[in-house]
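Spelled out from the first residue to the last, the chains are:
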Amino acid sequence: MTSPLPAPASTEDTDPGEDLPPGTTPYYARMHKYIKRAVIVCLVALVIEGAFTLPFMAVYYGYPTLSLTQICSELLKVRYSDDTLECKVPYPMFGPPEGAEGKDTARDQWGIQPVPKYHRLKFRELVRIHDARVARQQQGAQHP
């Protein structure tokens, strides 16, 4: 008696000979290859974007005139409406989270979706804010 199932035409149809990653069936192998390529392209794009973000933001906020620590301190002062806040460099190992000490002075509306109440910074506006603060401090020191 003969078998009702036809015999495979060749061994290539049953065993494609590909070394597939674990969990990948031959049916989805091509899709997995394209997904892997797309993920690699996206990760490379994120690394390139991250590499260029900090230098452009630093220049936007006033890097050649202000150091990165001064920019950080000015951002804290604007965000939390407190002229006494300073960025700590190096930050203490077990210190509070960055900005936690200024949260009480912020004018934001806190809730599920916080609404910031500080004004939006324009190009190199931190330089003008810093210079005005230094001038006020010098004027206050001259006229006690």
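On a predicted model such as this, the values are computed, not experimentally measured, just so you know. (Residues numbered from 1 in each chain as written. Predicted model: local features only at pLDDT ≥ 70, side-chain atom pairs only at ≥ 80, totals over all residues. Heavy atoms only, no water.)

**Q** I'm lost on the UniProt feature "transmembrane region" (unreviewed entry) in the protein in this one. Help?
**A** Feature annotation in UniProt places "transmembrane region" (unreviewed entry) on residues 38–63, given in this structure's numbering. With 92% helix and 0% strand, the stretch residues 38–63 has end C-alpha atoms that lie 35 Å from each other. (UniProt positions renumbered as here; feature names shortened; annotations may be inferred. Helix = DSSP H or I, 4+ residues; strand = E, 2+ residues; numbered from the N terminus.)

**Q** So what exactly am I meant to see when it comes to the state of the cysteines here?
**A** What we call a disulfide is simply a covalent bond connecting the sulfur atoms of a pair of cysteines. For the structure on display, the rule yields 1 disulfide. The disulfide partner of Cys-72 is Cys-87, and the gap between their sulfur atoms is 1.7 Å. With the S-S dihedral at roughly -75°, the linkage between Cys-72 and Cys-87 falls on the left-handed side. Remark: Cys-87 occurs in the loop between helix H3 (68–80) and helix H4 (125–142) and Cys-72 occurs in helix H3; sequence separation between them is 15 residues. A relative accessible area of 28% means that Cys-72 is categorised as partly exposed. (Disulfide = S-S within 2.5 Å. Buried < 20%, exposed > 50% of the residue type's maximum accessible area, 1.4 Å probe, protein only.)

**Q** Is there a simple way to think about the side chain of Arg-133 in this case?
**A** Within the secondary structure layout, Arg-133 lies in helix H4. Owing to a relative accessible area of 7%, Arg-133 belongs among the buried residues under this scheme.

**Q** Looking at this structure, how should I read the confidence of the model for the protein?
**A** In low-pLDDT regions, the fine details of the predicted coordinates are not to be read closely. A residue-level look at the protein finds 86% of positions with pLDDT of 70 or above and a mean pLDDT of 84. Taken element by element, the protein is modelled with least confidence in helix H1 (residues 11–14), mean pLDDT 48, and with most confidence in helix H2 (residues 29–61), mean pLDDT 94. (pLDDT = per-residue confidence, 0-100.)

**Q** Is there a simple way to explain the nonpolar core in this structure?
**A** Within soluble globular proteins, side chains that are nonpolar tend to cluster in buried spots. Listed in full, the 8 residues of the largest apolar core are Tyr-61, Leu-66, Ile-71, Val-78, Leu-121, Leu-126, Val-127 and Ile-129. For this core, the secondary-structure elements that each account for two or more residues are H3 and H4. Ranked by residue count, the leading element in this core is H4, at 3 residues. In contact with Leu-66, not counting residues within four places along its chain, are Tyr-61, Ile-71, Leu-126, Val-127 and His-130. Ranked by size, the runner-up nonpolar core spans 5 residues in total, among them Leu-76, Leu-85, Cys-87 and Ala-106. (Core = buried A, V, L, I, M, F, W, Y, C linked by side-chain atoms within 4.5 Å. Contact = heavy atoms within 4.5 Å.)

**Q** Would you explain a nonpolar patch on the surface in this entry?
**A** Among the surface-exposed residues, Tyr-27, Tyr-28, Met-31, Ile-35, Val-39, Leu-43 and Leu-46 lie close enough to one another that they form a single nonpolar patch of about 750 Å² accessible area. By the element assignment, Tyr-28 lies in the loop between H1 and H2. (Patch = residues over 30% accessible without salt bridge, like charges linked within 9 Å, V, L, I, M, F, W, Y side chains within 5 Å. Areas by Shrake-Rupley, 256 points an atom, 1.4 Å probe, with all protein chains shown as cover. Salt bridge = Lys/Arg side-chain N within 4 Å of Asp/Glu carboxyl O.)

**Q** Explanation requested: H3 in the structure shown.
**A** In an α-helix there are 3.6 residues to a turn, and that puts residues three or four apart on one side. Here H3 contains 13 residues, and its C-alpha end-to-end distance of 18 Å stays within 8% of the 18 Å for a straight helix at 1.5 Å per residue. Of the positions making up H3, those classed as buried are Ile-71, Ser-73, Glu-74, Leu-76, Lys-77, Val-78 and Tyr-80. Contacts from the buried residues of H3 go to H2 and H4. Once H3 finishes, Ser-81 follows within two positions and takes phi at roughly 55°, a positive value. (Expected span 1.5 Å × (residues − 1).)

**Q** Which parts of the structure should I look at to understand unusual backbone geometry?
**A** For residues that are not glycine, phi is negative in most cases, and the peptide bond is trans in most cases. Of note, the bond from Val-89 into Pro-90 is cis; its omega dihedral lies within 30 degrees of zero at -10°. Note that Pro-90 resides in the loop between H3 and H4. Even without being a glycine, Ser-81 presents a positive backbone phi close to 55°. For Arg-124, which is not a glycine, the phi torsion comes out positive at approximately 60°. As for its position among the elements, Arg-124 is in the loop between H3 and H4.

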